[in-house]
Structure formats: structure tokens, C-alpha cells
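# Residue-level structural notes
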2 protein chains.
Amino acid sequence: MQTQSDIRLTPQRQVILEELAKVKTHPTANEVYDMVRKRLPRIGLGTVYRNLELMADNGMILKLEVGGSQKRFDATTDLHYHIRCTGCGRVDDIQFSAMPQLDQLAANSSDYQVLGHHIEFSGICESCDDPQEAKK
Amino acid sequence: MQTQSDIRLTPQRQVILEELAKVKTHPTANEVYDMVRKRLPRIGLGTVYRNLELMADNGMILKLEVGGSQKRFDATTDLHYHIRCTGCGRVDDIQFSAMPQLDQLAANSSDYQVLGHHIEFSGICESCDDPQEAKK
DNA sequence: TTAATAAATGAGAATGTGTATTATTCCTAT
DNA sequence: ATAGGAATAATACACATTCTCATTTATTAA
Ligand SMILES: [Mn+2]
Ligand SMILES: [Mn+2]
Ligand SMILES: [Zn+2]
Ligand SMILES: [Zn+2]
């Protein structure tokens with residue numbers, strides 16, 4: 001039995017992990033593809049999707065199913081929350097400490113076996129808040 | 001100025017609203033389409049999408065951008081939280097009281113103008129937890 | 001009431017994200 | 001070196017959602 005299964009560290013997987021770890025932007029699969037392609041020009045988009053999914057299943061990275069039409073990925077796997085700009089779609093971390101005790105509350109008030117939770121704030125980021133700034 | 005703008009209550013919109021209000025299941029656009037079609041057999045799927053979107057923009061209903069590949073809709077607009085079954089995808093309400101003060105916390109720890117938040121729990125629903133039950 | 005104008009609809013095409021298929025390449029273990 | 005299994009690249013496919021536009025329906029102004 002292993003949740004952290006022994007997945008083979010192919011060159012593609014290594015580069016995907018490294019590039020994802022470099023950024024704090026919670027990139028989409030396509031954005032990861034673009035980053036990775038600079039180092040592995042022949043990699044396929046399917047490989048990126050397949051491996052991001054696989055790494056998320058193995059707990060090596062997080063798959064964020066936030067608002068908007070695309071899933072996003074996060075190299076930081078400890079429980080933390082996010083805010084999404086309704087203007088431009090960017091996703092940033094929210095720094096205050098997580099509240100794992102919420103899971104117990106949810107378990108008490110439902111018939112589910114609760115596995116976890118995520119909080120997604122929405123708002124307007126600095127660039128979108130200040131159109132003058134953007135025009136300059 | 002009106003957030004709750006004066007949207008015309010066409011027969012299509014009325015039926016969409018009524019059918020959505022009937023259920024507690026947070027249906028997808030397609031599921032709403034199926035419900036509505038029993039009363040308005042000639043309605044177009046595009047009309048359902050267009051009006052669900054418009055009603056959500058006007059605060060008449062909620063659009064839930066939860067995990068999974070489809071958006072879901074909710075006739076209950078006051079702040080409350082949801083849990084999604086990772087087995088079958090169903091979405092239910094979580095009954096404990098909302099925490100609007102979280103928005104202030106998020107505002108303090110970010111550069112965003114915070115507009116709101118949503119909490120999505122994940123877990124296993126009763127039917128999915130009990131395969132025997134499902135087989136019967 | 002009627003004519004003009006505007007808004008909404010229905011049908012279907014188009015877009016975009018993500019998944020499945022498959023032949024080929026790459027590892028790994030004998 | 002060889003055989004079996006795993007991973008990849010290319011591409012086809014699925015499907016949720018949006019877009020386009022001709023037609024219908026509602027509103028407004030004579
Ligand atoms: Mn993060
Ligand atoms: Mn609800
Ligand atoms: Zn923004
Ligand atoms: Zn379930």
C-alpha cells in the first residue's frame with residue numbers, strides 16, 4: 001500500500017515538477033506546457049496533462065479546481081487557501097493559517113465521510129483595481 | 001444603478017427559475033435543460049445557458065464553480081457552503097453557519113479587494129460509501 | 001392600432017479544455 | 001542482447017460552453 005507511490009522520475013516529469021516549483025502563479029496545464037517546452041521542445045501536451053494528473057493523485061502537487069474554465073496546479077501541497085481575481089483570473093495564495101477543524105464541523109453536519117476542504121476567495125487584484133496603472 | 005437589474009421575466013426564464021427552485025440537488029445546466037424541457041419542449045439549450053448565466057449575474061441564483069467539469073446552479077442565494085462527493089459528483093449543502101468575517105481576514109492578508117468566498121468540502125456520500133447498498 | 005425598434009429565442013456551428021487511442025521509444029530485468 | 005512493461009508523442013475524440021444569426025416576441029412611438 002502506498003499513497004506516495006514510487007513513480008518513475010522521467011525527464012519529462014522532472015522538468016514539469018521543476019518548472020511548476022519555480023512559480024507562485026498556479027499555472028494552468030497549458031501554461032505549464034509552455035514553460036516546459038522551452039526545455040523539452042518535443043514534449044506533448046498530453047504528457048503534461050497526464051503527468052500533472054498523476055502527480056496530483058500521488059500528492060506530489062495540488063490540482064486546484066477553482067472558478068474559471070481551467071484547472072490550475074500548485075507545487076505547494078500543505079493546506080492553504082486561494083483568492084481569484086474576477087477581472088483577470090489570476091490566482092494567489094491567501095496567507096492566513098488553515099483551519100483543518102472545519103472538516104470535523106462538516107462531518108458533524110452531514111452524512112458524508114469528509115475528506116477535506118478548500119476555501120476560495122474572490123476579489124479584484126491590484127492591477128485590475130487600478131486601470132490607470134494598467135494603461136501606463 | 002441596479003445590481004438587481006430589471007430583467008424581463010420571459011416564460012423561459014420563469015420556468016427555469018421555478019424548476020431550479022424545486023430541487024436541492026444543485027443541477028448542471030444540462031440537468032436544468034432536461035427539467036425545463038418537460039414543460040417547454042421547444043426551448044434551446046443555449047437559452048438555458050444564457051439565462052442561468054444572466055440570472056447568476058443579477059444575483060437571482062448562484063453559479064457554483066465547484067470541482068468536476070460542469071458548473072452547477074443553486075436557487076438559494078444566501079451564503080452557505082457545499083460538499084461534493086468524489087465518487088459520484090453530487091453536491092449537497094453543508095448546514096453550519098457561514099463565516100462572513102473570513103473576508104476581512106483575507107483582505108488583511110492580501111492586496112486584493114476581497115469580494116467574497118466559498119468553502120467546498122469534499123468527501124464520500126452515503127450511497128458511495130456503502131457499495132452493498134448500491135448493489136441492492 | 002399600427003409601424004418601428006429592441007430584446008430574446010432556437011438551431012446549429014464553433015471554441016476550448018481535457019481525455020482516449022495507438023504506434024513508437026525508452027527502461028528494466030533477466 | 002533480448003523480452004516485457006511503462007511512458008511518450010501525435011492525433012483523434014468527447015463534451016461543456018459560447019457564439020452567430022435568422023426568426024420570433026415584446027415594447028415603444030407615432
Ligand atoms: Mn497555492
Ligand atoms: Mn446550495
Ligand atoms: Zn486581476
Ligand atoms: Zn457519491
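Just so we're clear, the structure is a prediction, and the values are computed from it rather than from any experiment.

### Notes on the coordination of the zinc ion (ligand 3)
All names here are of chain A. Binding of the zinc ion (ligand 3) to the protein goes through Cys85 (SG), Cys88 (SG), Cys125 (SG) and Cys128 (SG), at separations of 2.3 to 2.4 Å. The coordination sphere of the zinc ion (ligand 3) comprises 4 donor atoms, whose angles at the metal cover 106 to 114 degrees; the geometry is tetrahedral. Sequence positions of the residues that donate to the zinc ion (ligand 3) give the spacing C-x2-C-x36-C-x2-C. Residue cysteine 88 is located in the loop between strand E3 (81–85) and strand E4 (91–94), and its partner cysteine 128 is located in helix H5 (residues 126–129); the two are separated by 40 residues in the primary sequence.

### Re the protein's contact with DNA strand D
As a structural note, the neighbourhood of DNA strand D is formed by 15 residues, with Thr10, Thr47 and Arg50 of chain A together with Tyr49 and Lys71 of chain B the closest of them. Sugar and phosphate atoms represent 90% of those atoms of DNA strand D found within 4 Å of the protein. A distance of 3.2 Å separates a phosphate oxygen of DNA strand D from a polar atom in the side chain of arginine 42 of chain A. Here a phosphate oxygen of DNA strand D sits 2.7 Å away from a polar atom, N or O, in the side chain of threonine 47 of chain A. Elements with a minimum of two residues in the surface near DNA strand D: helix H1 (11–22) and helix H3 (45–57) of chain A. With 3 residues, H3 of chain A is the single largest residue contributor to the surface near DNA strand D. Taken together, the residues of the surface near DNA strand D break down into 2 nonpolar, 7 polar and 6 charged.

### Quick word on the packing of helix H2 (residues 29–37) of chain A against H3 of chain A
Residues and elements named next belong to chain A. Where H2 meets H3, the closest approach of the two axes is 9 Å, and the angle between their N-to-C directions is 120 degrees. Taken together, the axes of H2 and H3 are oblique relative to one another. Like other packed secondary-structure pairs, H2 and H3 cross with a definite hand, here right-handed. Contacts between H2 and H3 involve Ala29, Asn30, Val32 and Tyr33 on the former and, on the latter, Leu45, Val48, Tyr49 and Leu52. A breakdown of the residues in the contact of H2 with H3 according to their chemical character gives 7 nonpolar, 1 polar and no charged.

### Observations regarding the sheet that holds strand E5 (residues 113–124) of chain A
With respect to topology, 6 strands assemble into an open sheet ordered E4(A)-E3(A)-E5(A)-E5(B)-E3(B)-E4(B), the strand pairing being mixed. At either margin of the open sheet sits one strand with a lone partner, and together these are E4 of chain A together with strand E4 (91–94) of chain B. Each neighbouring strand pair of the sheet contributes to a mean axis angle of 30 degrees, computed without reference to strand direction. As judged from the 4 bridges shared by strand E3 (residues 81–85) of chain B and strand E5 (residues 113–124) of chain B, these two strands associate in the parallel manner. Opposite cysteine 85 of chain B, over in E5 of chain B, you have glycine 123 of chain B as the bridge partner.

### Quick word on the interface of chain A and chain B
Taken together, the 37 residues of chain A in the interface contact 37 residues of chain B. Note on chain A versus chain B: buried area summed over both sides is about 2800 Å², and carbon and sulfur give 60% of it. The interface formed by chain A and chain B includes 1 salt bridge. Linking glutamate 65 of chain A and arginine 84 of chain B is a salt bridge whose minimum nitrogen-to-oxygen distance equals 3.9 Å. For the pair chain A and chain B, the interface holds 12 residue pairs in polar contact (both at pLDDT 80 or more). The dominant element in the side of chain A that touches chain B, judged by the number of residues it contributes, is E5 of chain A, at 12 residues. Partitioned by chemical class, the residues of the side of chain A that touches chain B number 16 nonpolar, 12 polar and 9 charged. By the bridge criterion, 11 bridges tie E5 of chain A to E5 of chain B in an arrangement that is antiparallel. Considered in E5 of chain B, the bridge of glutamine 113 of chain A is made with isoleucine 124 of chain B.

### Quick look at the domain arrangement of chain A
Residue and element names in this part refer to chain A. Its domain assignment divides chain A into domain 1 (1–75) and domain 2 (78–136). Taking only C-alpha atoms, the centre of domain 1 and the centre of domain 2 are 21 Å apart. Facing the 10 residues of domain 1 at the interface are 9 residues of domain 2. Carbon and sulfur atoms make up 57% of the area that domain 1 and domain 2 hide from each other, which totals about 660 Å². The interface formed by domain 1 and domain 2 holds 0 salt bridges in total. Among the elements of the structure, strand E1 (62–64) and strand E2 (72–74) are those that each provide at least two residues to the side of domain 1 that touches domain 2. Within the side of domain 1 that touches domain 2, the residues separate by chemical class into 3 nonpolar, 4 polar and 3 charged.

Criteria and thresholds
- Residues numbered from 1 in each chain as written.
- Chains lettered and ligands numbered in written order.
- Predicted model: local features only at pLDDT ≥ 70, side-chain atom pairs only at ≥ 80, totals over all residues.
- Heavy atoms only, no water.
- Donors = N, O, S within 2.8 Å, 3.2 Å for Na, K, Ca; no water.
- Tetrahedral: all angles 85-135°; square planar, octahedral: opposite > 155°, others 65-115°.
- Helix = DSSP H or I, 4+ residues; strand = E, 2+ residues; numbered from the N terminus.
- Near = heavy atom within 4 Å.
- Polar contact = N/O pair within 3.5 Å; in protein donor to acceptor, adjacent residues only side chain to side chain.
- Nonpolar A, V, L, I, M, F, W, Y, C, P; charged D, E, K, R; others polar.
- Axes fitted to C-alpha atoms, helices over the stretch in contact; angles between N-to-C directions.
- Parallel < 35°, antiparallel > 145°, perpendicular 65-115°, else oblique.
- Left-handed = near helix turned anticlockwise from the far one by under 90°.
- Contact = heavy atoms within 4.5 Å.
- Pairing = 2+ DSSP bridges.
- Buried area = accessible area lost by both parts, 1.4 Å probe.
- Salt bridge = Lys/Arg side-chain N within 4 Å of Asp/Glu carboxyl O.
- Domains from an automatic or database assignment.

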